[in-house]
Amino acid sequence: MNDSYFISKALSLANKGKYSSKPGVAVGCVIVKNKKIIGKGFYSEYGGRHAEINAINDVKNKYKGKYLSYLSGSEIFVTLEPCSKKGKTGACTKELIKYDFKRIIVGAKDPTQNGITKLKNEGYKVDLLNDPKSIELNKDFFYKSEFKRPYIRAKIAMSADQKSVFVSGKRKWITGTSARKDVQLLRADSDVILTGAGTINIDKPSLNVRLKKITCDKSFFQPQRFIFSNNLELDWSAPFFEAPGKKVIVTSKKRISKMPLKIKDMSLMHCPTDGNGIDPEKFLKKISKLNFSSILLESGPKLLGAFGDRNLIDEYIFYISPERLKNKALHFYGGEKKINFFDSKQFVIVHQSKIGKDKKMILRKK
């Protein structure tokens, strides 16, 4: 059992808080003595105790008055660099230096903290693994830290001939139930869901997370849902407005003249237009100042094209039905640029799988 083995155990714990820790990061921790795990912890809720503290407390609870002897000479494995600054909780480094750890092993460096240096200055042996899975787990956080804007994913459900919007409106679904269930996980893993007024008025989606295994966790918060609507011509009776959770309308208008009083948790974000509608780049500049690391774009062809034409989408997630819709539906992409997504020097296919009767493909910007 080596370092990779124990950091993988910490990662398994981190994944337990993948959805409930948002808008924070997912972190897991194990404490090891004589190659045996004696303490476990993970970051379970935003603003709560960090993974390292929960693991130390686990040792305290198990071994009561003897916990100091168990912690002495032990190794602590944590998937993300311990925090060195006081935030919603105290700095973890201050807690760690209370104990005589033999070694501190870190999966990935936190670009916003200086915990490794502080611990080394206190005389601790600290090993940074730069573990790819630890980095991938909080990829959105690392992206926001580096590029100062949220990571943007676009979800597209389409037919085998790349059609996504039915012309008649009599039919709603293109993909099967397995694919739609998978989209629920995408939403739960996002800080913001973004769509357009047309999608709200025509398709009537709620765009919230409804999987009970996620929503039953009291620490889980629904992602905030944003709508691009410059003229504010919205169907206020749509399910989107009835579902609980924070809702934001992005518009160039200063206020809403007519809105039912029963709608709760809704606000406006003022954003200029670019001549065709809300300016995606100006919107991104505004939202980048907020505590969001990821945006999931679930929209029609026009809004998808507005972001895609400007090269703002970092990842495309396609759910592809084997059905061919021909003239029954419109192409999924409504931008002005002709982009060959599946044979392009701009994207790389990072994932392909079968999901029910459909196919899932993930393309990332190079």
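The structure reproduced in this document is the subject of the present report. (Residues numbered from 1 in each chain as written. Predicted model: local features only at pLDDT ≥ 70, side-chain atom pairs only at ≥ 80, totals over all residues. Heavy atoms only, no water.)

1. As for the packing of aromatic side chains
Here is step 1: In this structure the tally under the stated criterion is 24 aromatic pairs.
Here is step 2: Seen from their ring centres, tyrosine 5 and phenylalanine 6 are 5.1 Å apart, and the 80° between their planes marks the pair as edge-to-face.
Here is step 3: Seen in terms of ring centroids, phenylalanine 283 and phenylalanine 307 are 6.5 Å apart; in terms of plane orientation they differ by 80°. Their pairing is edge-to-face. Placement of the pair is phenylalanine 283 in helix H12 (residues 280-287) and phenylalanine 307 in helix H13 (residues 301-309), with a sequence separation of 24 residues.
Here is step 4: Three or more aromatic residues link up through ring pairs in this structure, and these residues are Tyr316, Phe318, Phe332, Tyr333, Phe341, Phe342 and Phe347.
Here is step 5: Here lysine 139 stacks its cationic end above the ring of tyrosine 151, 3.5 Å away from the centre of that ring.
Here is step 6: Over the ring of tryptophan 173 we find arginine 180; its NZ or CZ atom is 4.1 Å from the centre of that ring. (Phe/Tyr/Trp six-rings, centres within 6.5 Å; stacked < 30°, edge-to-face > 60°. Helix = DSSP H or I, 4+ residues; strand = E, 2+ residues; numbered from the N terminus. Lys NZ or Arg CZ within 6 Å of the ring centre and 35° of its normal.)

2. Observations concerning the pattern of salt bridges
Here is step 1: What the rule picks out here adds up to 23 salt bridges.
Here is step 2: Residue lysine 155 is joined to glutamate 298 by a salt bridge in which the shortest nitrogen-to-oxygen separation is 3.4 Å. Taken together, the residues span a long stretch of sequence, with lysine 155 in strand E6 (residues 151-158) and glutamate 298 in the loop between strand E12 (294-297) and H13 at a distance of 143 residues. Each member of the pair, lysine 155 as well as glutamate 298, carries the same accessibility label: buried.
Here is step 3: The partner of lysine 365 in a salt bridge is aspartate 314, and the shortest N-O contact between them spans 3.5 Å. Of this pair, lysine 365 sits in strand E16 (residues 358-365) while aspartate 314 sits in the loop between H13 and strand E13 (315-320); the two residues are 51 residues apart in sequence, bridging distant segments of the chain.
Here is step 4: Where salt bridges share partners, they join Glu136, Lys139, Asp140, Arg153, Glu315 and Arg364 into one cluster. (Salt bridge = Lys/Arg side-chain N within 4 Å of Asp/Glu carboxyl O. Buried < 20%, exposed > 50% of the residue type's maximum accessible area, 1.4 Å probe, protein only.)

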